[in-house]
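Examining the three-dimensional arrangement
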Amino acid sequence: MKIVSRYKYLFCINQIIPQYHRIFYSTQTTRITNYIPLIGLEIHAQLSVHNKLFTYVPYSFGAPPNTQLGLHDVAIPGSMPILNRHCLELAIIASIGLNCKINSITNFDRKHYFYTDLPAGYQITQYYKPISINGYLDYIWLRDHSIIEQLDPLYTEVIHSNNNQYYYRSHARIKCIQIEQDTGKSLHNIQRDCSLIDLNRSDVGLIEIVTEPDFNSSDQVAAFIMDLSRLLRHLKCCNAIDIANQNPRVEIKNIGTIHGVISSIGW
C-alpha cells in the first residue's frame with residue numbers, strides 16, 4: 001500500500017508541475033517586454049593588405065583552394081611567425097580613427113580552439129595587451145517614434161525631429177582593438193557526407209573591434225556598423241567585416257550582413 005500511495009503522489013506531481021510551468025512561463029513572457037536589451041559587439045575587420053599577418057605569402061580573395069599557403073599557415077613544425085609591419089600600421093590607423101589610446105607595449109596571446117580549419121590548434125590574437133583601448137565612435141541613427149526615455153542620456157540625445165521621425169546622436173565606447181589571424185574555411189558537403197578544408201584564408205590579418213554594451217536596439221547597431229564600415233573604408237585600412245552580438249547571457253557569432261544582425265537582435 002505504501003508503494004502505491006507513493007506512485008499516486010508522484011503522478012499528482014507530474015500533473016501539477018506542467019500547469020505551474022506554463023503559468024510561470026506565460027508570466028515571464030509578458031514581463032520580458034519591459035526589459036531593455038544591452039548589446040555589445042565584436043566586429044572582425046579584414047585588413048587591406050596583400051600579404052598575410054605572420055608570413056609574407058600573397059593573399060587574394062577567390063583564388064583556387066589551398067594555393068596560397070606558407071609553412072606557418074599550415075602549422076609545419078619549426079615554422080616561426082614573422083609579423084607583417086603593414087598590418088600593424090593599418091591597425092594603428094584604425095585605432096586613431098576610432099579615438100583609441102595606442103598602447104606603447106603590446107603583445108600576442110594564444111587562444112586555443114579544436115577546429116579542423118585551424119591546423120595549429122590555437123589562434124594568435126591579443127587579449128591582455130591589445131594594440132589599443134578606450135576609444136569611441138559617435139554615430140547618427142533614425143527612428144520613426146521617440147524612445148528617448150528608454151535610452152541612456154549619457155550616450156544618446158535627440159538632434160532633430162520631423163513628422164514623427166527622430167534623429168539621434170549616440171556615443172558608442174570602444175573597449176579595445178586587437179590584432180589577430182583568421183582561420184581557414186570549412187566547406188561542408190552534405191550529399192557526400194564530408195567536409196573540405198580551404199586554408200587560403202588561414203593567417204590573414206584581422207582587427208577585432210570590441211565595444212561596450214552601449215546599444216539598445218537593432219536600429220542603433222545597424223547605424224553604428226554602417227558608419228564604422230564607411231570609416232574603415234575611408235581610412236583604407238579594412239575591406240570586409242564580420243560581426244558577433246554579445247551580452248552576459250547570449251552570444252551570436254559569425255554574422256556577415258547588417259540584415260543578419262538586425263534579424264538576430266529581433267530574435
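Here the structure is a predicted model, which means the values were calculated and not measured.

Across its full length, the protein chain holds four helices and twelve strands. The burial tally for the protein chain puts 36% of its 267 residues in the buried class. Across the protein chain, contacts joining residues at least 24 apart in sequence account for 69% of those joining residues at least 6 apart. Counting only carbon and sulfur atoms, one obtains 58% of the accessible surface of the protein chain, whose full area is about 16,900 Å².

All right, on to helix α2 (residues 85-97) then. Think of an α-helix as turning once every 3.6 residues; residues three or four places apart then point the same way. With 13 residues, α2 should reach 18 Å at 1.5 Å per residue; the first-to-last C-alpha distance of 19 Å fits that figure. Considered for burial, the residues of α2 that qualify are C87, L90, A91, A94 and S95. Take α2 and look down its axis: the buried residues cluster within an arc of 145°, on one side only. The exposed set on the far side of α2, more than 90 degrees from its buried face, consists of R85 and I96. Just downstream of α2, N99 is the residue with a positive phi angle, here 60°.

To continue, consider the nonpolar core. With 38 residues, the main nonpolar core has I207, I209 and F224 as its most contacted residues. Broken down by secondary-structure element, the contributors of at least two residues to this core are β1 (40-47), α2, β4 (122-125), β5 (132-143), β7 (165-181), β10 (205-211) and α3 (218-234). The element best represented in this core is α3, accounting for six residues.

Mapped onto the elements of the fold, D214 is located in the loop between β10 and α3. If near-sequence neighbours (up to four positions away) are discounted, D214 is found in contact with I39, H171, A172, R173 and Q220.

Our focus in this paragraph is the pattern of salt bridges. Per the stated rule, a full pass over the model turns up five salt bridges. A salt bridge links K52 to D73; the shortest N-O distance between them is 3.1 Å. Within this pair, whereas K52 is found in the loop between β1 and α2, its partner D73 is found in the loop between β1 and α2, the two being separated by 21 residues in sequence. Each member of the pair, K52 as well as D73, is classed as buried.

Mean pLDDT over the protein chain stands at 79; residues scoring 70 or higher make up 73%. Of all secondary-structure elements in the protein chain, the lowest mean pLDDT belongs to helix α1 (residues 2-31), at 36, while strand β2 (residues 101-102) reaches the highest, 97. In the predicted structure, residues 1-31 sits below a pLDDT of 50 and forms one contact with residues beyond four places in sequence or in another chain.

Here the focus is empty space enclosed by the protein. According to the stated counting rule, one finds one cavity of 30 Å³ or more in the structure shown. Size it by volume and the largest cavity reaches roughly 30 Å³. Put simply, the parts of the chain that give the lining of the largest cavity at least two residues each are α3 and β11 (238-246). Here the lining of the largest cavity gets four residues from one element, more than from any other, and that element is β11. For the lining of the largest cavity, the class distribution of residues is four nonpolar, two polar and one charged.

Rules used in this analysis
- Residues numbered from 1 in each chain as written.
- Predicted model: local features only at pLDDT ≥ 70, side-chain atom pairs only at ≥ 80, totals over all residues.
- Heavy atoms only, no water.
- Helix = DSSP H or I, 4+ residues; strand = E, 2+ residues; numbered from the N terminus.
- Buried < 20%, exposed > 50% of the residue type's maximum accessible area, 1.4 Å probe, protein only.
- Contact = heavy atoms within 4.5 Å.
- Areas by Shrake-Rupley, 256 points an atom, 1.4 Å probe, with all protein chains shown as cover.
- Expected span 1.5 Å × (residues − 1).
- Arc of directions from axis to C-beta.
- Core = buried A, V, L, I, M, F, W, Y, C linked by side-chain atoms within 4.5 Å.
- Salt bridge = Lys/Arg side-chain N within 4 Å of Asp/Glu carboxyl O.
- pLDDT = per-residue confidence, 0-100.
- 1 Å grid on protein atoms, 1.4 Å probe; cavity = no way out; pocket = protein on both sides within 12 Å on 5 of 7 lines; lining within 4 Å.
- Points joined across faces, edges and corners; volume = space filled by probe spheres on them.
- Nonpolar A, V, L, I, M, F, W, Y, C, P; charged D, E, K, R; others polar.

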